[in-house]
Amino acid sequence: MAAKILISAALLGGLSAATLYRAQSREAAIAAEFPPEGQFLTVNGAQVHVYISGAGPDLILIHGASGNARDMTVALASDLEKSYRVIAFDRPGLGWSDPIPDQSLRGQALHLAAAAAQLGVENPLLVGQSYGGSVSLAWALHAPLKPRALVLISAPSLPWPGPLDMFYRLTNSGIGAALVPPLAAAFVPDSLVDTTVTAVFAPDPVPPGYARAIAAKLTMRRATLRANFAQVNGLRPEIVAQEPLYPQLTLPIELIHGTADTIVPLNIHSKPLSERLPNAHLTVMEGAGHMPHYSHRAETLAAIERAAERSGLRAPLQSP
C-alpha cells in the first residue's frame, strides 16, 4: 500500500513538473512573440501598460475580457488619433499590466484613473467595450477623475439571468482556480484560441489576421488567466451592487449594441439601460454580434463623435 502511494505521488509530481515546464516554455515564447509596444506607468507599486498616440482632447479606450488594449487600438486608433490623444490601457492583470489586489470593477477603475492622472488627463471621453464598458461605468461612478462622456460598446450593465458558461464556473473555486490556469497555459492548443475568437465575433466574420494583430495569445499565460477568471466570475455581483447608482450618471452616454450579440444580449443590457437613463442614446445595429467596433466601425466612430459633441469636447460638424 505504501509503495502504491509513493508511486502515485511520484507520477503526480512528474505530471505537475511537466505541466509547469510546458507552461513556462509556452509563456516565454508568447512574451518573445508579443513584447510590450507601449510605455509603463507605476500605480501603487503595480505596472500599468499604456499605448498613447495622436494629439487633442483625451480619449481613453478600455478593452474587454480575455483581451488587451490592442483589441481597441487595432479597431479604432488609426482614425481616432487624428483628432484625439488616444490612451489605451491594458487592464490590470491583462496584456502587460500587473494584477492588483482589488480586481473589482471599482478597483480597476480607480487604478486606471490614477494612471490617467499621471498622464495629465482631465475629464476624458471613455470608450469601453464589453467588460471594459462595465469598468467605464464604475469609473464614472467612483473615480475622482470624472469622465466627460461614456461610449459603451456591447457592455454588460445590468444583472443577467442564469450562470456563466462552464469554463468560468469551473474556475470559480479554490481548486479550479489553482488547476485550470497552469493546465490551460500548458496544453490548450492555438486552434482553441481561434475557435473562441470565432465564437466571440459570431455571426460576423473574424477580420483576417485578427488574433495575431491583437496578440490574443497573451491571454494564455497563467497570471493573465487567473486575473481574467477572477474578474469575469466577480462581474455579476459587482453589477448588482453598481446598478442602484446609475441614476447618479448625468453625463452623456452613447450605447452601441448589436441585435445578434449572444454574449451580452441587447435586451438585457443596453436597451433597458437606455430606457432608464434619459442621457443615454442607444444605437442598435441589426444583425451585429459582440464586436461592432470591428463589424460596424463607421457607426462606432460616429457614436464616439456624437459623445464628444454632446459633451462639448468637440464642436458639432457644420453642414456644408
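Before reading further, recall that the structure is shown in the block above.
In short, a report on the structure. All of these numbers come straight from a predicted model, not from anything done at the bench.

This brings us to helix α13 (residues 297-310). The first and last C-alpha atoms of α13 sit 20 Å apart over 14 residues, in line with the 20 Å expected at 1.5 Å per residue. Among the residues making up α13, those that are buried are T300, L301, A303, I304, A307 and A308. Considered in projection along α13, the buried side chains sweep an arc of 155° and stay on one side of the axis. On the buried face of α13, the contacting elements are β3 (58-62), α2 (70-80), β5 (125-129), β6 (149-153), β7 (253-258) and α12 (292-295). Just past α13, the residue G312 takes up positive phi, approximately 85°.

It is worth spelling out the pattern of salt bridges at this point. Scanning the entire structure with this criterion turns up 13 salt bridges. Ionic pairing is found between E37 and R70, a salt bridge with its closest N-O pair at 3.5 Å. Of this pair, E37 sits in the loop between α1 (2-33) and β1 (39-43) while R70 sits in helix α2, and the two are 33 residues apart along the sequence. The salt bridge involving D79 is made with R297; its shortest N-O contact spans 2.8 Å.

Each pair of packed helices gets described by two things: the angle between the helix axes and the distance between those axes. In the contact formed by helix α3 (residues 105-118) and helix α4 (residues 131-142), the axes pass within 8 Å of each other and the chain directions differ by 75°. Compared by their axis directions, α3 and α4 come out roughly perpendicular. Residue-level contacts link L105, R106, Q108, A109, L110, L112, A113 and A116 of α3 to Y131, S134, V135, A138, W139 and H142 of α4. Residue classes in the contact of α3 with α4 are distributed as 10 nonpolar, three polar and one charged.

Looking now at the sheet that holds strand β4 (residues 85-89). To summarise the sheet geometry, strands pair through backbone hydrogen bonds and adopt either a parallel or an antiparallel arrangement. Spatial strand order, β1-β2-β4-β3-β5-β6-β7-β8: eight strands in an open sheet with mixed pairing. Strand pairing shows two members of the sheet lacking a second neighbour, β1 and β8 (280-285), which therefore form its edges. Averaged over all pairs of adjacent strands, the angle between their axes in this sheet comes to 20°, without regard to strand direction. Across five bridges, the pairing between β1 and strand β2 (residues 46-53) is antiparallel. Following the sheet pairing, Q39 is matched in β2 by V50. Its contacts with the sheet put α2 on β2, β3, β4 and β5, and the angle it makes with β3 is roughly 155°. Along the sheet, α4 makes contact with β3, β5 and β6, crossing β5 at roughly 145°.

This part covers the packing of aromatic side chains. Taken as a whole, this structure holds four aromatic pairs when the rule is applied. Measuring from ring centre to ring centre gives 5.7 Å for F201 and Y294, while their planes differ by 65°; the resulting arrangement is edge-to-face. Remark: Y294 occurs in helix α12 and F201 occurs in helix α7 (residues 190-201); sequence separation between them is 93 residues. Grouping residues by exposure puts F201 and Y294 together as buried. Consider the rings of Y210 and Y294, whose centres lie 5.2 Å apart with planes at 85°: the pair is edge-to-face. Here Y210 is found in helix α8 (residues 210-213), whereas its partner Y294 is found in helix α12, with 84 residues between them in sequence. What makes Y294 buried here is its relative accessible area of 16%. Members of the aromatic cluster, connected to one another through ring pairs, are F201, Y210 and Y294. We note R221 situated over the ring of W96; from NZ or CZ to the ring centre the distance is 4.9 Å.

Moving on, we get to the pairing of β6. Counting buried positions along β6 gives five out of five residues, so the element sits mostly inside the fold. Burial along β6 is two-sided: the residues A149, V151 and I153 and L150 and L152 are all buried. Relative to β6, β5 runs parallel, the two being bridged by five bridges. Its bridge partner lying in β6, L125 is registered against A149. Read from β5 through α4 to β6, the crossover connection turns out right-handed. Bridge analysis of β6 against β7 gives four bridges, and the strand direction is parallel. Considered in β7, the bridge of L150 is made with I253.

Cut-offs used in this document
Residues numbered from 1 in each chain as written. Predicted model: local features only at pLDDT ≥ 70, side-chain atom pairs only at ≥ 80, totals over all residues. Heavy atoms only, no water. Helix = DSSP H or I, 4+ residues; strand = E, 2+ residues; numbered from the N terminus. Expected span 1.5 Å × (residues − 1). Buried < 20%, exposed > 50% of the residue type's maximum accessible area, 1.4 Å probe, protein only. Arc of directions from axis to C-beta. Contact = heavy atoms within 4.5 Å. Salt bridge = Lys/Arg side-chain N within 4 Å of Asp/Glu carboxyl O. Axes fitted to C-alpha atoms, helices over the stretch in contact; angles between N-to-C directions. Parallel < 35°, antiparallel > 145°, perpendicular 65-115°, else oblique. Nonpolar A, V, L, I, M, F, W, Y, C, P; charged D, E, K, R; others polar. Pairing = 2+ DSSP bridges. Phe/Tyr/Trp six-rings, centres within 6.5 Å; stacked < 30°, edge-to-face > 60°. Lys NZ or Arg CZ within 6 Å of the ring centre and 35° of its normal. Right-handed = clockwise from strand over helix to strand, strands pointing away.

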